[in-house]
Amino acid sequence: MRIGELAAAVGVTTRTVRHYHHQGLLPEPERLSNGYRDYTLRHAVVLARIRRLTELGMGLAEVRDVLAEDAGKDLVEVLTELDEDLARQEAAIRERRAWLRALLEAEGGLIVEGPVSPELASLFGDLAHVGADSPMAVKDREMLALIDTMTAVEDRERLVDLLRGALGSPEGIARALEAYALLDDLAEADPADPRVAEAARTLAGCMPRELVPRTGIDADNSFMRAFYADLAPAQAEVLRLAMQILTEAEEPS
């Protein structure tokens, strides 16, 4: 193959091929008697692999390391790995499309906090009526959406299961609405307001114990500091006391 044929077959430009030669990623073929380079199927395979790796976000230095590890592999091994790369990409695309379908088909339409995982989107859809007019409920949903983004799949599923357990009954929803109302009323209050203690007890009554940070409520936790800073002083005190109540309830007597 000529360089133009190689580039067209793999879907890159001839300039890109020459750049990969210059970077030492793609070996230069021998020249024929007429002076033209003669590219083989092996060159096409390596070039296609470079393209796939760069499309996955790898830098050229990382690609060079991967190719070095492939040295000595036969064509079947390289082609098999390319096929496995494509299979992984197909699976990732199917997963993303399923996520998009779940968001588009969610009961009540797209949520303001979205896009979130299908699990949390489903929970938000089921509880769309809970605290719809509560500023604290809105903040709560925003925080859950943030946590949803930051956690692994298994942790997201566990989080949603915990929330469904806490809010999966009329009584649980009533407790959550009462907590939101108390917290909303404390938006302009002083942390020493006597209503803070009542709100803390109410919040502790509807908060899953498993959501309390394992490192403790007063640990040097940058995420918790940012969370507290986003709340009004009295509301932050309610949350601190509620987690303290839950932590002490778990301690052996």
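Throughout what follows, the structure given in this document is the object of discussion. (Residues numbered from 1 in each chain as written. Predicted model: local features only at pLDDT ≥ 70, side-chain atom pairs only at ≥ 80, totals over all residues. Heavy atoms only, no water.)

Quick notes on the overall build of the protein
The secondary structure content of the protein amounts to 12 helices and zero strands. When the elements of the protein are put in sequence order from the N terminus, they spell out α-α-α-α-α-α-α-α-α-α-α-α. Looking at the 253 residues of the protein, the share that counts as buried comes to 37%. If you take every contact in the protein between residues at least 6 apart in sequence, the share linking residues at least 24 apart comes to 63%. With the model as given, the accessible surface of the protein reaches about 15,200 Å², and the carbon-plus-sulfur share is 54%. (Helix = DSSP H or I, 4+ residues; strand = E, 2+ residues; numbered from the N terminus. Buried < 20%, exposed > 50% of the residue type's maximum accessible area, 1.4 Å probe, protein only. Contact = heavy atoms within 4.5 Å. Areas by Shrake-Rupley, 256 points an atom, 1.4 Å probe, with all protein chains shown as cover.)

Quick word on the pattern of salt bridges
Considering all chains together, one arrives at eight salt bridges under this definition. Between Glu 28 and Arg 37 there is a salt bridge whose closest N-O contact spans 2.9 Å. Classification of Glu 28 by relative accessible area gives partly exposed; the value is 48%. Since its relative accessible area comes to 21%, Arg 37 is described here as partly exposed. As a salt-bridge pair, Arg 240 and Glu 237 come within 3.1 Å of each other at their nearest N and O atoms. With Arg 240 and Glu 237 both in helix H12 (residues 233-250) and three residues apart, the pair spans about one turn of that helix. Taking the relative accessible area as the measure of exposure, Arg 240 reaches 24% and is therefore partly exposed. On the basis of relative accessibility, which here comes to 22%, the residue Glu 237 falls in the partly exposed class. Linked by salt bridges that have partners in common, Arg 49, Asp 85 and Arg 88 make up one network. (Salt bridge = Lys/Arg side-chain N within 4 Å of Asp/Glu carboxyl O.)

Things to note about the packing of helix H3 (residues 41-55) against helix H4 (residues 60-69)
Orientation of H3 relative to H4, taken along the N-to-C sense of each, is 135°, at an axis distance of 10 Å. Accordingly, the angle class assigned to the pair H3 and H4 is oblique. Taken as a pair, H3 and H4 cross one another with a handedness that is right-handed. Residues Val 46, Arg 49, Ile 50, Leu 53 and Thr 54 of H3 touch H4, and the partners they reach there are Leu 60, Val 63, Val 66 and Leu 67. A per-class count over the contact of H3 with H4 returns seven nonpolar, one polar and one charged. (Axes fitted to C-alpha atoms, helices over the stretch in contact; angles between N-to-C directions. Parallel < 35°, antiparallel > 145°, perpendicular 65-115°, else oblique. Left-handed = near helix turned anticlockwise from the far one by under 90°. Nonpolar A, V, L, I, M, F, W, Y, C, P; charged D, E, K, R; others polar.)

Describing helix H9 (residues 170-185)
With 16 residues, H9 extends 23 Å between its outermost C-alpha atoms, agreeing within 8% with the 22 Å of an ideal straight helix rising 1.5 Å per residue. All buried positions along H9 are accounted for by Gly 172, Ile 173, Ala 176, Ala 179, Tyr 180, Leu 182 and Leu 183. (Expected span 1.5 Å × (residues − 1).)

Digging into the packing of aromatic side chains
Given two aromatic rings, their pairing is described by the distance between the two centres and the angle made by the two planes. Taken as a whole, this structure holds zero aromatic pairs when the rule is applied. One cation-aromatic arrangement involves Arg 2 over Tyr 36; the distance from NZ or CZ to the ring centre is 4.0 Å. (Phe/Tyr/Trp six-rings, centres within 6.5 Å; stacked < 30°, edge-to-face > 60°. Lys NZ or Arg CZ within 6 Å of the ring centre and 35° of its normal.)

With respect to the nonpolar core
When a protein is soluble and globular, its nonpolar side chains tend to lie buried together. Residues Leu 120, Leu 186, Leu 203, Val 238 and Leu 239 are the most contacted members of the largest nonpolar core, which totals 42 residues. If you list the elements that add at least two residues to this core, you get helix H6 (118-126), helix H7 (135-150), helix H8 (153-167), H9, helix H10 (195-206), helix H11 (222-229) and H12. It is H12 that provides the largest number of residues to this core, a total of seven residues. Ignoring anything within four residues of it in the chain, the contact list for Leu 203 reads Ala 179, Val 238, Leu 239 and Ala 242. One finds Val 10, Tyr 39, Leu 53 and Val 63 within the second-largest nonpolar core, a separate group that totals 18 residues. (Core = buried A, V, L, I, M, F, W, Y, C linked by side-chain atoms within 4.5 Å.)

Thoughts on the packing of H6 against H8
Interaxial distance between H6 and H8 falls to 9 Å at its minimum, and their mutual angle equals 20°. The angle between H6 and H8 falls in the class roughly parallel. Both H6 and H8 take part in a crossing whose hand is left-handed. Here H6 contributes Glu 119, Leu 120, Ser 122, Leu 123 and Asp 126 to the contact with H8, which in turn contributes Arg 156, Glu 157, Val 160, Leu 163 and Arg 164. When grouped by side-chain class, the residues that make up the contact of H6 with H8 number four nonpolar, one polar and five charged.

Observations concerning the environment of Tyr 36
Structurally, the position occupied by Tyr 36 is in the loop between helix H2 (14-22) and H3. Residue contacts for Tyr 36: discarding those within four places in its chain leaves Arg 2, Glu 30 and Arg 31.

Overview of a negative patch on the surface
On the surface, Glu 154, Asp 155, Glu 157 and Asp 161 cluster together into a negatively charged patch. Here Glu 154 lies in helix H8. Given the relative accessible area of 52%, Glu 154 is considered exposed. (Patch = residues over 30% accessible without salt bridge, like charges linked within 9 Å, V, L, I, M, F, W, Y side chains within 5 Å. Lys, Arg positive; Asp, Glu negative; His and termini not counted. Charge placed at Lys NZ, Arg CZ, Asp CG, Glu CD.)

Everything listed here is a matter of geometry and, on its own, says nothing about what the molecule does.
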